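Take a look at the letters that make up each chain.
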Amino acid sequence: MLTVSSLRTRWASLLGSFVAVALGVGVTAAMGLCLAAAHDAGAREPQRFAGSPVVVMGRDTLTVEVRRGPSTAHVSKKLAHPHPVDSELLRRLRDLGPVRTDGAGRDAVGVDAPVAAVREVVRESGAGAGPSGETGGDRVRVLTGEDRRLADPAAARDAEALVGVDALLGTAAGVTVFVSVFVTASTFAFAVALRRREFGLLRLAGATPGQVRRVLLGEALAVGVAASAAGCALGAWGAPRLVRALVEGEVAPPWFALRGTTYWPYEVACAVGLSVAVIGAWAAARRAGRTSPAEALREAAVDTGVLPRSRRVLGLALLAAGLGLLAWQLGTEPAELLKRKTYTTRPMLLITAVAALAPLLVRPLAGLVRLPGASGLLVRENARASVRRTSAVAAPVLVTVALAGCLLGSALTVAESGASEARDLTRARFVVTGEALRPVRVPGATVSGSASTAVFVREEGTALIRSEARAVTDVAAFASVARLPVVAGDVRDLDDRSIVVNEEWERHEVGSRVRVWLGDGRPARLRIAAVLARGTGNGGAYVTTANAPGAAVDRLDVGVRKGADPAAVKARLRASGTGGQVRTTEAWLAATHPRSGPQTRLGLLVVLGIALVHAVLSLSGMLLMATSARGTELRSLRLAGATRAQVLRVVAGESVVGVAVGAVLGVAVTAVCLGGLAVALGQLSAPVTAAVPWGLLGACAGVCLVVAVGASVAGAARLSRLDGPSTGRARGMSTSG
């Protein structure tokens, strides 16, 4: 009964938590529905050989045996150069029936014949034996039914796109849960601080600490149930729109859509909603249970005991864990800090730690504020005295600014470092790109042709690693136009029996031999001619074209010799008939190393949008709630002679200070994350180009500032317009009487 009565009278203070949980459940449900669609995308109709009942496809994967604990397993990787269907097998297939080919090459053919007869011909031709050193792989595959779509060129791109959808939605869902718990916990904690006299009266009336905790947890559970129901409806409405955004943003394939009726996303979202509400209220409920009966008699406006020992210990432990993890990764595996999964999740630990310790930081930071006049002094002292209110305002701003700075800043830093690294790797003045380019000789220029390929290596016997590589046609010309970060050996020693690797490889000693599989799956044992610095991981390996069978030259790096006219060289390149696009190196880098791709932009937009919406809801709800509880304080200001405008300026100034504290703390977290990333890039011998998105940080802080000032001024205006100095005095006398 007490919980029901509390819900009836305290619904306004619970509205912010309700909206935050409902939004979190809605986003989680929408993400879950899209993830279910990605995992059960359904089989697309074959496009390339839709009219053929059987498709014979050249082998396109490498399968190698690796150790898995005490046993072994087979792992597969996509080949860089799939095998074509050989001429002898093609002749025998034509004896069975009509064979269809297309302009895409002989990597696959359609056969109008019984599948049993096709399999027999393939078996008799010896196509079932893989290359030496490889297990589990056939030289060709026989595809029927829905599997025929595997021969479509778009099949691999669609599969890769769906993996990107999984990564984006998984990250966004994780951030949503984190922000929802954070906002709900902050809202409940502030509500408990405002209700300490109420809980003191309950304790004075004989309520036990357990009963007080159960009241608050009962409220949280009721909020969670109602918000989960509303959130599921919101998720059902938002899922189709999210799918449309993913398709229009070129993150998901054009055919991606919700399929059938799936219920597990709603079940997961409801469980998340209930968990978020209860977890968010748990710490506040424990604190409410410790309220003493004497709190009912307190009138002091200055917050005391705002940082209990348990919270201080938790905050320091989280801070030590966040900084310790950062230091450990810098000392052991700095390349991990460059991965999106790492720089997306690591800030959450630091944000939680700083938010837990925020009450310790509010007073010194607010004390730095210097505003003119008596109103300015009152703003500063009110912000320092009301630590809980200032911390509650700063918390959602901290989350938004820190996430914006860490996520976008890290993505931009890695991208710009990669672009700078690519620029440093070449001395070329021009780059020609295209398919199957024809190497040419140009007076006054050095032309180095190369092809995109890959090499595979089994590391520690437990993993098959694919490393992107470039196959060069002329080692001397390549060494002339390239500027590789060599740490050992000499690139000019590269030949048909050697390879250039980087420090990321398990074995990277010059002169040692490594067993690899080439881009077509053929095994080879190559000597290491040179070792490169690890960098951002985009450098890859280098081999000669003899070790890249099936690879066509797709890039010409052109260096201009001393004394030659660059314009004349460019004109000769265009007239030479290379068959490709001629661009300056700067233009080529701008096209191939953009600041961010569509998937990154959309993913950051989704994540930051979620955080900003939660921040706006949290700020508006908490400030309306806080201002409504300041009636006596505002009337006292009017009685002291303050005008209505002065009262509103004071309230607005306090909100500005709270937002400023949150923004400063968010920038501090951003500085730690980006500083650690810069150190990691330096350790990897990569260019350090720290990119701080000041514009986005300012925009997030500005939105929070407008909402905070608007909500606080609206609440104060509602109270102050009713109470002039005389009416306020009379009301105060009536109340005291």
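Residues numbered from 1 in each chain as written. Predicted model: local features only at pLDDT ≥ 70, side-chain atom pairs only at ≥ 80, totals over all residues. Heavy atoms only, no water.

### Section: the overall build of the protein
Here comes step 1: The secondary structure content of the protein amounts to 21 helices and 16 strands.
Here comes step 2: Split into buried and exposed, the 737 residues of the protein put 49% on the buried side.
Here comes step 3: Taking as baseline every contact in the protein between residues at least 6 positions apart, the subset at least 24 positions apart corresponds to 81%.
Here comes step 4: Here the protein displays about 32,700 Å² of accessible surface, and carbon together with sulfur accounts for 59% of that area. (Helix = DSSP H or I, 4+ residues; strand = E, 2+ residues; numbered from the N terminus. Buried < 20%, exposed > 50% of the residue type's maximum accessible area, 1.4 Å probe, protein only. Contact = heavy atoms within 4.5 Å. Areas by Shrake-Rupley, 256 points an atom, 1.4 Å probe, with all protein chains shown as cover.)

### Points about the environment of Arg259
Here comes step 1: With respect to the element layout, Arg259 can be found in the loop between α7 (209-248) and α8 (264-289).
Here comes step 2: Under the relative-accessibility criterion, Arg259 is labelled partly exposed at 37%.
Here comes step 3: Separated by 223 residues in the primary sequence, Arg259 and Ala36 place their C-alpha atoms 8.4 Å from one another.

### Description of empty space enclosed by the protein
Here comes step 1: Counted under the stated rule, the structure contains five cavities of 30 Å³ or more.
Here comes step 2: If you add up the space inside the second largest cavity, you get close to 90 Å³.
Here comes step 3: Lining the second largest cavity are Arg389, Thr390, Val393, Leu623, Ala626, Thr627, Arg630, Val651, Glu654, Ser655 and Ser712.
Here comes step 4: For the lining of the second largest cavity, the secondary structure elements donating two or more residues are α13 (387-424), α17 (598-628) and α19 (644-683). (1 Å grid on protein atoms, 1.4 Å probe; cavity = no way out; pocket = protein on both sides within 12 Å on 5 of 7 lines; lining within 4 Å. Points joined across faces, edges and corners; volume = space filled by probe spheres on them.)

### Details of α7
Here comes step 1: In this model α7 runs 54 Å from its N-terminal to its C-terminal C-alpha over 40 residues, within 8% of the 58 Å that 1.5 Å per residue would give.
Here comes step 2: Of all the bends in α7, the greatest reaches close to 35 degrees and is centred on Gly238; the proline Pro240 follows between one and four positions later.
Here comes step 3: Positive phi appears at Glu250, one or two residues downstream of α7, with a value of about 60 degrees. (Expected span 1.5 Å × (residues − 1). Bend = angle between axes of the 7 residues up to and from the residue.)

### What about the pattern of salt bridges?
Here comes step 1: Tallying each qualifying case throughout the model produces 17 salt bridges.
Here comes step 2: Across the pair Asp107 and Arg48 runs a salt bridge, and its minimum N-O distance is 2.8 Å. Note that Asp107 is positioned in strand β5 (residues 105-111) and Arg48 in the loop between α2 (11-39) and β1 (54-58), a separation of 59 residues in sequence.
Here comes step 3: Residue Asp107 is classed as partly exposed on the basis of its relative accessible area, which comes to 22%.
Here comes step 4: Between Arg534 and Glu333 there is a salt bridge, and its shortest N-O distance comes to 3.0 Å. Here Glu333 lies in the loop between α9 (309-332) and α10 (340-356) and Arg534 lies in the loop between β13 (523-532) and β14 (541-544), a separation of 201 residues in the sequence.
Here comes step 5: Residue classification places Arg534 among the buried residues on the basis of a relative accessible area of 16%. (Salt bridge = Lys/Arg side-chain N within 4 Å of Asp/Glu carboxyl O.)

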